[in-house]
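# Geometric and topological summary
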Amino acid sequence: MLFRPRSPRPFFKRLRNAIWPRRSWKRSARYVGHRLGRIPSTPYSIAAGFASGAAISFTPLLGFHFLGVV
């Protein structure tokens, strides 16, 4: 990562920031949009990965989600 902090943040601070962003929801959504735009692969492969993940998530057995990914 380009701008990594010198010391990693504690788990609970990362969890709190994931649930409620420190600055604003708009800024966080814009950041995620920029990150998604910078993915270095084709739109087809991104869509295929998203579709396979969505299909795997509909299986009723939770332990087999990990096996279905491989």
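A brief look at the structure comes next. Predicted, not measured: the structure shown is a model, and the values here were computed from it.

### Digging into the overall build of the chain
- Scanning the chain for helices and strands turns up four helices and zero strands.
- Along the chain, helices (α) and strands (β) appear in the sequence α-α-α-α when read from the amino end.
- For the chain, the accessible area works out to roughly 7,100 Å², and carbon and sulfur atoms hold 69% of it.

### Considerations on a nonpolar patch on the surface
- The grouping of F11, F12, L15, I19, W20 and W25 at the surface amounts to a nonpolar patch, some 760 Å² of accessible area in total.
- Tallying contributions element by element places helix α1 (residues 11–19) first for the nonpolar patch, with four residues.
- Within the element layout of this structure, I19 appears in helix α1.
- Since its relative accessible area comes to 55%, I19 is described here as exposed.

### With respect to the packing of aromatic side chains
- Applying the stated criterion across every chain yields a total of two aromatic pairs.
- Their ring planes at 70° and their centres at 5.6 Å tell us that F11 and F12 sit as a pair that is edge-to-face. Each member of the pair, F11 together with F12, is exposed.
- For the pair W20 and W25, a centre-to-centre distance of 5.6 Å together with 90° between the ring planes defines the contact as edge-to-face.

### Quick word on a positive patch on the surface
- A contiguous patch of positive charge on the surface is contributed by R9, K13, R14, R16, R22, R23, K26, R27 and R30.
- Of all the secondary structure elements, the ones that give two or more residues to the positive patch are α1 and α2 (25–37).
- With respect to the helices and strands, R22 occurs in the loop between α1 and α2.

Conventions used here
- Residues numbered from 1 in each chain as written.
- Predicted model: local features only at pLDDT ≥ 70, side-chain atom pairs only at ≥ 80, totals over all residues.
- Heavy atoms only, no water.
- Helix = DSSP H or I, 4+ residues; strand = E, 2+ residues; numbered from the N terminus.
- Areas by Shrake-Rupley, 256 points an atom, 1.4 Å probe, with all protein chains shown as cover.
- Patch = residues over 30% accessible without salt bridge, like charges linked within 9 Å, V, L, I, M, F, W, Y side chains within 5 Å.
- Salt bridge = Lys/Arg side-chain N within 4 Å of Asp/Glu carboxyl O.
- Buried < 20%, exposed > 50% of the residue type's maximum accessible area, 1.4 Å probe, protein only.
- Phe/Tyr/Trp six-rings, centres within 6.5 Å; stacked < 30°, edge-to-face > 60°.
- Lys, Arg positive; Asp, Glu negative; His and termini not counted.
- Charge placed at Lys NZ, Arg CZ, Asp CG, Glu CD.

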